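# Fold and geometry: a report
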Amino acid sequence: MEESGFATQDAAIGRLTEIYNAKKAAPRGRAKAERIARYGAMRFEEYATEWKAGQRDLGPASVVHLESLLNIHLLPLLGSRRMNTFDHEVVEGFLQTLERNGIGFAAQANAFDKLKAILLDANRLGLFDDSPVDGVKPPQYDPKRVVIPSPEQLRQIRTAGDDSFLLVADLMSGCGMRNGEAFAVNLNTIVADDVYRITEQVNRTTCRYERLKHRKGGEYRDVPLPARVRQTIEWYASKHGTVDGYLLRPPQRPDPHVPALPHRQSVAADQEGRPGRHPRRDGRVSGYALGTLPSGGQGAPHADDVVAACLDWVGWQSGWLR
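The structure reproduced in this document is the subject of the present report. (Residues numbered from 1 in each chain as written. Predicted model: local features only at pLDDT ≥ 70, side-chain atom pairs only at ≥ 80, totals over all residues. Heavy atoms only, no water.)

If you walk through the whole model with that rule in mind, you get one cavity of 30 Å³ or more. If you add up the space inside the largest cavity, you get close to 40 Å³. The wall of the largest cavity is formed by Glu181, Ala184, Val185, Thr189, Tyr196, Arg197, Ile198, Thr199 and Glu200. No other element matches the three residues that strand S2 (residues 195–198) contributes to the lining of the largest cavity. (1 Å grid on protein atoms, 1.4 Å probe; cavity = no way out; pocket = protein on both sides within 12 Å on 5 of 7 lines; lining within 4 Å. Points joined across faces, edges and corners; volume = space filled by probe spheres on them. Helix = DSSP H or I, 4+ residues; strand = E, 2+ residues; numbered from the N terminus.)

A few words now on the pattern of salt bridges. Throughout the structure, instances matching the rule amount to eleven salt bridges. Across the salt bridge formed by aspartate 170 and arginine 158, the nearest N and O atoms sit 2.5 Å from each other. In this pair, aspartate 170 sits in helix H7 (residues 163–175) while arginine 158 sits in the loop between helix H6 (151–157) and H7, placing the two residues twelve residues apart along the sequence. The partner of arginine 178 in a salt bridge is glutamate 181, with the nearest N and O atoms 3.2 Å apart. A relative accessible area of 37% means that arginine 178 is categorised as partly exposed. (Salt bridge = Lys/Arg side-chain N within 4 Å of Asp/Glu carboxyl O. Buried < 20%, exposed > 50% of the residue type's maximum accessible area, 1.4 Å probe, protein only.)

Notably, aspartate 244 is not glycine yet its phi reads approximately 55°, a positive angle. Residue class for aspartate 244 comes out exposed when judged on its relative accessible area of 56%.

Moving on, we get to helix H3 (residues 60–78). By the largest-angle criterion, leucine 70 marks the main kink of H3, which is about 40°. Taken together, the buried residues of H3 touch helix H2 (44–53), helix H4 (88–100) and helix H5 (105–124). (Bend = angle between axes of the 7 residues up to and from the residue. Contact = heavy atoms within 4.5 Å.)

Here we take up the packing of aromatic side chains. Geometrically, a pair of aromatic rings is defined through the distance of the ring centres and the angle of the planes. Using the criterion set out here, one finds four aromatic pairs in the structure. Measuring from ring centre to ring centre gives 5.6 Å for phenylalanine 44 and phenylalanine 86, while their planes differ by 50°; the resulting arrangement is tilted. Here phenylalanine 44 is found in helix H2, whereas its partner phenylalanine 86 is found in the loop between H3 and H4, with 42 residues between them in sequence. For the pair phenylalanine 44 and phenylalanine 86, a shared accessibility class is recorded, and that class is buried. Consider the rings of tyrosine 209 and tyrosine 246, whose centres lie 4.2 Å apart with planes at 10°: the pair is stacked. Taken together, the residues span a long stretch of sequence, with tyrosine 209 in strand S4 (residues 208–210) and tyrosine 246 in the loop between helix H9 (227–240) and strand S6 (266–269) at a distance of 37 residues. By relative accessible area, which is 17% here, tyrosine 209 ends up buried. Accessibility expressed as a relative area gives 12% for tyrosine 246, which makes it buried. We note arginine 81 situated over the ring of phenylalanine 86; from NZ or CZ to the ring centre the distance is 5.9 Å. (Phe/Tyr/Trp six-rings, centres within 6.5 Å; stacked < 30°, edge-to-face > 60°. Lys NZ or Arg CZ within 6 Å of the ring centre and 35° of its normal.)

Turning next to the pairing of S2. As judged from the two bridges shared by strand S1 (residues 190–192) and S2, these two strands associate in the antiparallel manner. Considered in S2, the bridge of alanine 192 is made with valine 195. Hairpin connection from S1 to S2: two residues lie between these consecutive antiparallel strands. The sheet contact formed by S2 and strand S5 (residues 221–224) spans four bridges and is antiparallel. (Pairing = 2+ DSSP bridges.)

Roughly 180 Å³ of volume is contained in the second largest pocket. A breakdown of the residues in the lining of the second largest pocket according to their chemical character gives three nonpolar, no polar and two charged. (Nonpolar A, V, L, I, M, F, W, Y, C, P; charged D, E, K, R; others polar.)

Limitation: the analysis is restricted to geometry and does not speak to function.
The structure is reproduced here in structure tokens:
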């Protein structure tokens, strides 16, 4: 349709500007419409697969964790749903289903975080007028306080398992090692009589020795090595031998490149603080709790333990750590 002339130059410029902006916006509008047409009809399972392929920053353990959440919680309930049908009611219904199924709060929170990440990605593509997670109250995960063992409990914990358990318990409680770091213990990283250099850890997912958590390759940290812990290392090495300096080897797989895998192990303590096979009264003493002793874990009730480790570090004689 032809347009008649304009009364003023300003009116003509205004009309030309309007036409220019409309033509400029048209490609963006077409691109958005194409995205909505393509991804809106896509099922959640297919969209989640494409989204997961773009998460290149995840480590092996994080990838396994993501796949577990998708396969166990998200896909069974949402896998067949089309992406353009999500709204806050769907997300709320998903969380309520997890609650009815008796899923723990930690798993609920993790599943919600992953669902939220996927839906926010879809929202950035323009699939929704309003974000489906807006207004949804996330699951409230409030972990219970870790039971930190007393020195007397630790003495008994050390003898509650086999030799490897004793070794790991001493490394974690005496040097503040993480579980995977303790399983990578090596005679060659004792750099002084009272110093242990932590250089690597066992990755449970890859079954390999890898760099320390939150550190770059080649980085390390030196920690105090109490005399009692050094004696345990030397005793274990003398009794069980080593492979390239490594102490903990899988009995059925002596390959020096296949480390012993860290595992979650906890010891129940009764009301008198005796570890062993007791009913869960005062909670369970976990490996994490052992590692908080020398690091001065928040709220640790036994500050003497931290002081003893520091005294060992500077060469003073100390009590139970020796």
